[in-house]
Amino acid sequence: MATLGNPGNTIEVLQKYKFNFQKKFGQNFLIDTHVLDKIIRESGVTKDDLVIEIGPGIGTMTQYLCENAREVVAIEIDKNLIPILQDTLSAYDNVTVINEDVLKVDIKKLAEERNGGKPVKVVANLPYYITTPIIMGLFESHVPIDSITIMVQKEVADRMQEGPGSKEYGALSLAVQYYAKPEIVANVPPNCFMPRPNVGSAVIRLTCHEKSPVEVKDESFMFNIIRASFNQRRKTLVNGLGNAGFLPVTKEQVAEALEKMELSPTIRGEALSLEQFAHLSNMLKK
Ligand code: SAM
């Protein structure tokens, strides 16, 4: 089987198997070898690594990963791609394909069983319709991870990277930055995919913190505060948190905490940094 990653060989495989793209699965296959080389380089994958790939498609990036990693586990939801992957990956004995919805796979258990609990690397050209649940699922289940190098919608990559003061800044930025250091490493135009997506894409590397940059008494409480702050973005924090319903805090308590932090009583959540959210939630946590 020839290497994929270019339009000619990709079309040949698609025709051989009469493959029909499924829009509902976010199927946009990479057809640009420069982008593939760049992703592999930026992921820092070596022959010591177990790599988890989410959504291998016809196996384009999987081939590159097999060449560079010790072992690859690729999780693909579309059963029509499984016989294709058996063919395109037949030259490699260091790959396992799992036909499953990634959101239902116990990745922590997988990392423990196959990598003795050592941190794994995640590399993927993600299905865009479930980018956030995939990333948050990886972080929140405390899978041991070194880094996550992923292709996502450009706008989502921006949101992950931004800080206070930017209109892209929000709950996703804070969640990602609590667990990892985000760096956009490439912008990728629609013509690098088949079929072309309607949006621009970017490769972002999330290097997981060994220790979180902030001390938090109760992670889920802090994330509830963050969620409430951005649910009602235009409201002041005092009103947003005091009226959230799912938070056991009153407006007076929020006002008092802000005063102690020497912040304006009319400040909005979008102006607070991760450190300030951590501080605020530690104060509000009984
Ligand atoms: N890695 C391939 C490439 O770069 O050419 C394909 C990337 S394509 C953007 C996303 C892939 O994720 C598709 O193969 C799609 O079928 C798969 N996928 C979509 N939803 C999934 C899910 N919930 N679990 C696992 N794979 C999924």
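Conventions used here
- Residues numbered from 1 in each chain as written.
- Predicted model: local features only at pLDDT ≥ 70, side-chain atom pairs only at ≥ 80, totals over all residues.
- Heavy atoms only, no water.
- Axes fitted to C-alpha atoms, helices over the stretch in contact; angles between N-to-C directions.
- Helix = DSSP H or I, 4+ residues; strand = E, 2+ residues; numbered from the N terminus.
- Parallel < 35°, antiparallel > 145°, perpendicular 65-115°, else oblique.
- Left-handed = near helix turned anticlockwise from the far one by under 90°.
- Contact = heavy atoms within 4.5 Å.
- Nonpolar A, V, L, I, M, F, W, Y, C, P; charged D, E, K, R; others polar.
- Salt bridge = Lys/Arg side-chain N within 4 Å of Asp/Glu carboxyl O.
- Buried < 20%, exposed > 50% of the residue type's maximum accessible area, 1.4 Å probe, protein only.
- Core = buried A, V, L, I, M, F, W, Y, C linked by side-chain atoms within 4.5 Å.
- Domains from an automatic or database assignment.
- 1 Å grid on protein atoms, 1.4 Å probe; cavity = no way out; pocket = protein on both sides within 12 Å on 5 of 7 lines; lining within 4 Å.
- Points joined across faces, edges and corners; volume = space filled by probe spheres on them.
- Near = heavy atom within 4 Å.
- Polar contact = N/O pair within 3.5 Å; in protein donor to acceptor, adjacent residues only side chain to side chain.
- Sits in = over half its atoms within 2 Å of the grid points.
- Lys, Arg positive; Asp, Glu negative; His and termini not counted.

**Student:** Before we go on, may I ask you to explain the packing of helix H2 (residues 33-43) against helix H3 (residues 60-68) in this structure?
**Tutor:** A pair of packed helices is captured by two measures, namely the crossing angle of their axes and the spacing between those axes. Between H2 and H3, whose axes approach to 10 Å, the crossing angle comes to 45 degrees. Classified by the interaxial angle, the pair formed by H2 and H3 is oblique. For the crossing formed where H2 meets H3, the hand is right-handed. For the pair H2 and H3, contact is made by Thr33, Leu36, Asp37, Ile39 and Ile40 and by Thr60, Met61, Tyr64, Leu65 and Asn68, respectively. Split by residue class, the contact of H2 with H3 holds six nonpolar, three polar and one charged.

**Student:** What am I meant to see in the pattern of salt bridges here?
**Tutor:** Where charged atoms from two side chains of opposite charge approach closely, those side chains can pair. Enumeration over the complete set of coordinates arrives at 16 salt bridges. Between Glu42 and Arg205 there is a salt bridge; the shortest N-O distance is 2.8 Å. Placement of the pair is Glu42 in helix H2 and Arg205 in strand E9 (residues 201-208), with a sequence separation of 163 residues. Accessibility classification places Glu42 together with Arg205 in one group, the buried group. Close ionic contact of Arg268 with Glu270 constitutes a salt bridge, the shortest N to O distance being 3.8 Å.

**Student:** Hey, could you run me through the nonpolar core in this one?
**Tutor:** Core analysis: the biggest nonpolar cluster contains 67 residues, and Phe139, Ile150, Met160, Leu206, Leu241, Leu280 and Leu284 have the highest contact counts within it. Sorting elements by how many residues they give to this core places helix H9 (residues 219-231) first, with seven residues. For this core, the two domains that each supply at least three residues are domain 1 (7-208) and domain 2 (219-285).

**Student:** What am I meant to see in empty space enclosed by the protein here?
**Tutor:** In this structure the tally under the stated criterion is one cavity of 30 Å³ or more. Each pocket or cavity is described by its volume, and for the largest cavity that value is around 320 Å³. Along the walls of the largest cavity sit 27 residues, with Gly55, Pro56, Gly57, Glu76 and Asn125 positioned nearest its centre. Secondary-structure elements contributing two or more residues to the lining of the largest cavity are strand E1 (29-30), strand E2 (50-54), H3 and strand E3 (71-76).

**Student:** How should I be thinking about the site of the ligand in this particular structure?
**Tutor:** What surrounds the ligand is a group of 23 residues, the closest being Leu30, Gly55, Glu76, Asn125 and Tyr129. Side-chain polar atom of Tyr129 to a nitrogen atom of the ligand: 2.8 Å apart, as the coordinates give it. Put simply, the ligand lies in the largest cavity. Elements with a contribution of two residues or more to the shell around the ligand: E1 and E3. For the shell around the ligand, the per-class residue count stands at 12 nonpolar, six polar and five charged.

**Student:** Mind showing me how you'd approach the side chain of Asp101 here?
**Tutor:** Looking at the element boundaries, Asp101 is found in the loop between strand E4 (95-99) and helix H5 (107-115). Although Asp101 is buried, it forms no salt bridge, and the closest oppositely charged side chain is Lys104 at an N-O distance of 4.3 Å. Polar contacts involving the side chain of Asp101 include one to the main-chain amide nitrogen of Leu103, which spans 2.9 Å.

**Student:** I tried to follow unusual backbone geometry on my own but got confused; where do I start?
**Tutor:** As a rule of thumb, non-glycine residues mostly have phi less than zero, and peptide bonds are mostly trans rather than cis. For the bond from Met194 to Pro195, the omega torsion is -15 degrees, close enough to zero to count as cis. For His142, which is not glycine, the phi torsion reads 55 degrees and is therefore positive. With respect to the helices and strands, the residue His142 is situated in the loop between helix H6 (131-140) and strand E6 (145-153). For Glu262, which is not glycine, the phi dihedral falls at a positive 60 degrees. By the element assignment, Glu262 lies in the loop between helix H11 (251-260) and helix H12 (274-284).

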